[in-house]
Amino acid sequence: MKKLLYLYIILGAAIGCKKNDLPIITPDVITEKVKHDTDDPTIWVNKKDPSKSIVFGTDKDTDGAIYAFDLEGKIIENKTIRDLKRPNNVDIRYGFKLNDSVTTDILAFTEREKQQIRLFSVPDMKPLDNGGFPVFEDATAQDQNLPMGISLYHSPEGKMYAIVGRKSGPLDGYLYQYELLADSTGVKTKLVREFGAFSGKKEIEAIAVDDEEGIVYYSDEGKCIRKYYADPSKGNKELACFGGEFFVDDIEGIAVANNVHSTDYIIVSNQQKNSFNIFNKSTLEFVKELNLTTKETDGCEVVTEPLNSVFRNGLFVAMNTEKNFFFFDIGKLL
């Protein structure tokens, strides 16, 4: 009986430490539900008409998809990519050079069960990858060839890279960085470096690249948020490992919010507490914790330019475990 009582006390304490009593910030829009399991969003801003911007989000399953949503949260079927094998994370960049006269915006995502990354043009949703680019081809250990996280990086010199994480990996070199190269025969990938420390606890999934400063941030889920240079020529030295003490358990999705009231922020999902921690990007100091009413958020994304009358200050998107995504005007958060 004493053992049972002790177990109840421990269980109660564990639940209590994860309780979220923060003031509630309600979403402006909740999307229609996907079929299986939402995981990670990205945002394509329509430069000609921001009100027609698109939010893309993964449905992580063997019969998965990349769903497209309008700013009212409605599914755009003709922009949705279906029949995918466990798409995990997704990202967007602008102005990828296909040849001397043609550029396109691109959407990249990991397709875990096929051990590859995919690449599509946006907004016409045409594949640019001839079916997919294999990743982690030299992996020998179990789960080390299963891609999960991805973030694109567009360098000041115009080079485009994909930085990819996986289900498990070594204590050093967990992330692989591929350059995306286009010529008359199509698009190819070239492995340019292996980098990134890993604590050995849990896994690394969430990756975000700040193109403005050329910095990679990623969540070492059981340890901290790690910071590296995005340009391979600047080396593999870790620049920071911060914020771990502010999380209950898994450190998850990362979004970089630049130029919000003249300040730059990093927003990170505090997954098991159902909250988000915000850090000052310049100092890496903790700013505040928010309750956005999402449950166990994996991925999140942000843009800080006005889109329409609802998202006047920009848009923050967070995954929710109820097969949907929550949209917030960024002014509610910062």
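Description of the structure in this document.

1. Let's talk about the nonpolar core
Counting residues in each nonpolar core, the largest one holds 19 residues, and the members touching the most others are Ile267, Leu292, Phe316, Leu333 and Leu334. Of all the elements in the fold, those that place two or more residues in this core are strand S18 (251–260), strand S19 (263–270), strand S20 (275–280), strand S22 (300–303), strand S23 (315–320) and strand S24 (324–329). Per-element accounting of this core gives the leading share, three residues, to S18. Setting aside its immediate chain neighbours within four residues, Phe316 contacts Ala255, Ile267, Phe276, Leu292, Cys300, Glu301, Val302, Phe326, Phe327, Phe328, Ile330 and Leu333. Judged by nonpolar contacts, the second largest core, of 18 residues, contains Phe96, Val135, Leu152 and Tyr178.

2. Some points on the side chain of Lys281
Along the polypeptide, Lys281 turns up in the loop between S20 and strand S21 (286–290). Judged by relative accessible area, which is 3%, Lys281 ranks as buried. Only 2.8 Å separates the side chain of Lys281 from the side chain of Asn258, close enough to count as a polar contact. For Lys281, the residues in contact, after removing those within four places along its chain, are Asp210, Glu213, Tyr217, Val256, Asn258, Asp264, Tyr265 and Ile266.

3. Some details on the pairing of S24
With respect to burial, S24 is a largely interior element, six of its six residues being buried. The side-chain alternation of S24 yields two buried faces, one formed by Asn324, Phe326 and Phe328 and the other by Phe325, Phe327 and Asp329. Pairing of strand S1 (residues 29–30) with S24 involves two bridges; the strand directions are antiparallel. Pairing of Ile30 across the sheet is with Phe326, part of S24. For S23 and S24, the ladder comprises six bridges, and the chain directions are antiparallel. When the bridges of S24 are listed, Asn320 appears paired with Asn324. Here S23 folds back onto S24 in antiparallel fashion, the turn holding three residues, of which Lys323 has a positive phi close to 65°.

Conventions we followed
Residues numbered from 1 in each chain as written. Predicted model: local features only at pLDDT ≥ 70, side-chain atom pairs only at ≥ 80, totals over all residues. Heavy atoms only, no water. Core = buried A, V, L, I, M, F, W, Y, C linked by side-chain atoms within 4.5 Å. Buried < 20%, exposed > 50% of the residue type's maximum accessible area, 1.4 Å probe, protein only. Helix = DSSP H or I, 4+ residues; strand = E, 2+ residues; numbered from the N terminus. Contact = heavy atoms within 4.5 Å. Polar contact = N/O pair within 3.5 Å; in protein donor to acceptor, adjacent residues only side chain to side chain. Pairing = 2+ DSSP bridges.

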